[in-house]
Amino acid sequence: HQGAINADGLPTSPLYRSSQTEQLPSNRSSSITALNSTGIKVDRCPFCDTPNCTGRSQQELVENLCRHGVIANSEVREAFLALDRGCFQTRSPSPYTNPYIDGPLPIGCGVQMSAPHVHAVTLELLLPWLQRPVGEFLDVGSGSGFMSAAMAIIAGGHSRVDAREHMEELVRHARLNIRDAGADVLLTSGRLTLVATDGLCVREEDMGYDAINCGAAAAELPHRLVDQLKVWGRLVLPPAEVGQPQRLTTVDQISESPGPDGPRLEQTMLVIFVTLTPSENQLLNKVKIGKKGRED
């Protein structure tokens, strides 16, 4: 089930309901007082103004994301519930760290995983594509493995997710994270593959993805990724110059040839992701990020 189609033949935004997807109730339990890493009360994200959805467990985190309308669809909710965020943080977390904070968490190699509300919005933007009966999907800069696994869960057993991460250590950790979360079947069944490679490396057999998630910012639109999309495919990423505000952007491939008919871009929430960068820069913690938004 692909969801509603607009006049251009594109699936409508998942933030507007499809008749084929269960609407989640809005009367969720109240969120707890949210604290950031310094113990200061934070009611909203200082970058995109999303209500802080911090919880004391994965269940409470998900309930808060649903109550504030960040998660709008049952498929995204079920994926979040299936993947405990505590399994995806750094392999040696501080005992004082709350993994269910609605903020970024370190995962090693100078990288952080995005705040839950950023993951949720990204999955909502990808949802109509992930719901296709059979699909091929790509996750570039897969990091902790959370988004890759969530995409694979939503896509179902007849689809495949390729996850690329140029840090071999992160790929090893991601496999362990997914197994710790009890989602090992995604790996053993071949529904999800995790590979240590350049995410922008284009192979002939990779052409033709239904949707691509890019967990890193690019100074300009990475046409090597756009070229890997099928017609009517979608790419989600924040294109922005280093040091400039980033906005999560959908890029819809609406034509086989370049020109005024494609691709079509639409900006959404303000974020901040690490930039596409060589692995040695990440190890030296030299990743440059913008001045506003979220890490990824």
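Bear in mind that the values here come from a model prediction, so they are computed numbers and not experimental data.

Draft legend 1. How the structure looks around the packing of aromatic side chains. Across all of its chains, the model carries 2 aromatic pairs by this definition. Summarising the aromatic geometry, the rings of Phe88 and Phe146 are spaced 5.4 Å apart at their centres and angled 85° between planes, so their arrangement reads as edge-to-face. Here Phe88, found in the loop between helix H2 (74–82) and strand E1 (105–108), pairs with Phe146, found in helix H4 (residues 146–155); they are 58 residues apart in sequence, far enough to count as distant. You'll find Phe88 and Phe146 in the same group, each marked buried. Three or more aromatic residues joined by ring pairs make a cluster, and in this case those are Phe80, Phe88 and Phe146.

Draft legend 2. How the structure looks around unusual backbone geometry. The residue Asp49 is not glycine, and still its phi comes out positive at about 70°. Within the secondary structure layout, Asp49 lies in the segment before helix H1 (58–67). Given a relative accessible area of 46%, Asp49 falls into the partly exposed group. The backbone phi angle of Trp232 is positive, close to 75°, even though this residue is not glycine.

Draft legend 3. Up close: empty space enclosed by the protein. Enumeration over the complete set of coordinates arrives at 2 cavities of 30 Å³ or more. One number sums up the size of the second largest cavity: a volume of about 40 Å³. In this structure, the second largest cavity is lined by Phe88, Gln89, Arg91, Ile107, Gly143, Ser144, Leu170, His173, Ala174 and Asn177. Take the lining of the second largest cavity: its biggest share by element is 4 residues, from helix H5 (residues 168–180). Residues of the lining of the second largest cavity, tallied by class, amount to 4 nonpolar, 5 polar and 1 charged.

Draft legend 4. Spatial organisation of H5. Taking 1.5 Å of rise per residue, the 13 residues of H5 would be expected to cover 18 Å, and the 19 Å separating its terminal C-alpha atoms lies within 8% of that figure. Where H5 is concerned, the buried positions are Leu170, Val171, His173, Ala174, Asn177 and Ile178. Down the axis of H5, the smallest arc covering the buried residues is 165°, so these residues share one side. Turning to H5, the residues buried within the fold contact E1, strand E2 (111–113), H4, strand E4 (160–165), helix H6 (185–188) and strand E5 (192–196). In the stretch just after H5, Gly182 is the one whose phi turns positive, near 80°.

Draft legend 5. Spatial organisation of the pattern of salt bridges. Using the criterion set out here, one finds 9 salt bridges in the structure. A salt bridge links Glu136 to Arg160, with the nearest nitrogen and oxygen atoms 2.6 Å apart. Of this pair, Glu136 sits in strand E3 (residues 136–140) while Arg160 sits in strand E4, and the two are 24 residues apart along the sequence. Judged by its relative accessible area of 31%, Arg160 falls in the partly exposed class. A salt bridge links Asp184 to Arg179, with the nearest nitrogen and oxygen atoms 3.0 Å apart. Taking the relative accessible area as the measure of exposure, Asp184 reaches 28% and is therefore partly exposed. Linked by salt bridges that have partners in common, Arg132, Asp210 and Lys230 make up one network.

Calculation notes
- Residues numbered from 1 in each chain as written.
- Predicted model: local features only at pLDDT ≥ 70, side-chain atom pairs only at ≥ 80, totals over all residues.
- Heavy atoms only, no water.
- Phe/Tyr/Trp six-rings, centres within 6.5 Å; stacked < 30°, edge-to-face > 60°.
- Helix = DSSP H or I, 4+ residues; strand = E, 2+ residues; numbered from the N terminus.
- Buried < 20%, exposed > 50% of the residue type's maximum accessible area, 1.4 Å probe, protein only.
- 1 Å grid on protein atoms, 1.4 Å probe; cavity = no way out; pocket = protein on both sides within 12 Å on 5 of 7 lines; lining within 4 Å.
- Points joined across faces, edges and corners; volume = space filled by probe spheres on them.
- Nonpolar A, V, L, I, M, F, W, Y, C, P; charged D, E, K, R; others polar.
- Expected span 1.5 Å × (residues − 1).
- Arc of directions from axis to C-beta.
- Contact = heavy atoms within 4.5 Å.
- Salt bridge = Lys/Arg side-chain N within 4 Å of Asp/Glu carboxyl O.

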